[in-house]
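Fold and geometry: a report
The primary structure of each chain is shown beneath.
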Amino acid sequence: MAAISPLSEAERSAALQDLPQWTYDKDNKGIARSFAFGNFVEAFGFMSSVALLAEKADHHPEWSNVYNRVEILLTTHDAGGLSERDIALAKQIDALI
Ligand SMILES: C[C@H](O)[C@H](O)[C@H]1CNC2=NC(N)=NC(=O)C2=N1
């Protein structure tokens, strides 16, 4: 996919207004959110849904799973930081919950 510019600080603040559960991770230049489910099967089902969204968007999360918890970090390597693609995927992920 073609290169894309990272969001400015002002654009980031504006975008995060719509994503109150996500926090900007300065070190990783991305946005992060933790999810907790009732058990592993629910967590993994959620991850499967996210994986389908990610593949469709050709935009993939950095994530980890421990039993019922899923940690997601969204950043755009092609932009060297946070981009509109991360914001769009975060909104799609939130819509699953
Ligand atoms: C070649 C391929 O389209 C790119 O590597 C895509 C794939 N998935 C991606 N995912 C994320 N999170 N950031 C990217 O820059 C990115 N780039």
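Rules and cut-offs
Residues numbered from 1 in each chain as written. Predicted model: local features only at pLDDT ≥ 70, side-chain atom pairs only at ≥ 80, totals over all residues. Heavy atoms only, no water. UniProt positions renumbered as here; feature names shortened; annotations may be inferred. Helix = DSSP H or I, 4+ residues; strand = E, 2+ residues; numbered from the N terminus. Buried < 20%, exposed > 50% of the residue type's maximum accessible area, 1.4 Å probe, protein only. Contact = heavy atoms within 4.5 Å. Expected span 1.5 Å × (residues − 1). Arc of directions from axis to C-beta. Pairing = 2+ DSSP bridges. Axes fitted to C-alpha atoms, helices over the stretch in contact; angles between N-to-C directions.

- Looking at an unreviewed UniProt entry, one finds the chain named Putative pterin-4-alpha-carbinolamine dehydratase and attributed to Alterisphingorhabdus coralli.
- Per UniProt, the comment on the chain under Catalytic activity (unreviewed entry) is "(4aS,6R)-4a-hydroxy-L-erythro-5,6,7,8-tetrahydrobiopterin = (6R)-L-erythro-6,7-dihydrobiopterin + H2O".

1. Considerations on the side chain of Arg33
- One can find Arg33 in strand S2 (residues 30-36).
- Residue classification places Arg33 among the buried residues on the basis of a relative accessible area of 12%.
- The contact partners of Arg33, leaving out residues within four places of it in the chain, are Gln21, Trp22, Val70, Glu71, Ile72 and Asp94.

2. Some details on helix H2 (residues 40-57)
- Its 18 residues give H2 an end-to-end C-alpha distance of 25 Å, which sits within 8% of 26 Å, the value for a rise of 1.5 Å per residue.
- Those residues of H2 lying buried are Ala43, Phe46, Met47, Val50, Leu53 and Ala54. The arc that holds the buried residues of H2, viewed along the axis, is 120 degrees, so those residues lie on one side. Residues of H2 that are exposed and point over 90 degrees away from its buried face: Val41, Leu52, Glu55 and Lys56.

3. What about the sheet that holds strand S3 (residues 62-66)?
- Read from one edge of the open sheet, 4 strands run S1-S2-S4-S3, paired in antiparallel fashion. Two strands close off the open sheet at either side, each with one partner strand: strand S1 (23-25) and S3. Shown here is a sheet whose adjacent strand axes are inclined to one another by a mean of 25 degrees, direction ignored.
- Here S1 runs beside S2; their pairing, made up of 3 bridges, is antiparallel. Paired with Tyr24 across the two strands is Ile31, which belongs to S2.
- The strands that H2 touches are S2, S3 and strand S4 (69-74); relative to S3, the one it contacts most, it runs at about 165 degrees.

4. Structural notes on helix H1 (residues 9-17)
- Among all positions in H1, only Arg12, Ala15 and Leu16 are buried. In an axial view of H1, the angular spread of the buried residues amounts to 95 degrees, which keeps them on one side of the axis. Seen from the open side of H1, the exposed residues pointing more than 90 degrees away from its buried face are Ala10 and Gln17.
- On the buried face of H1, the contacting elements are S1, S2 and helix H3 (84-96).

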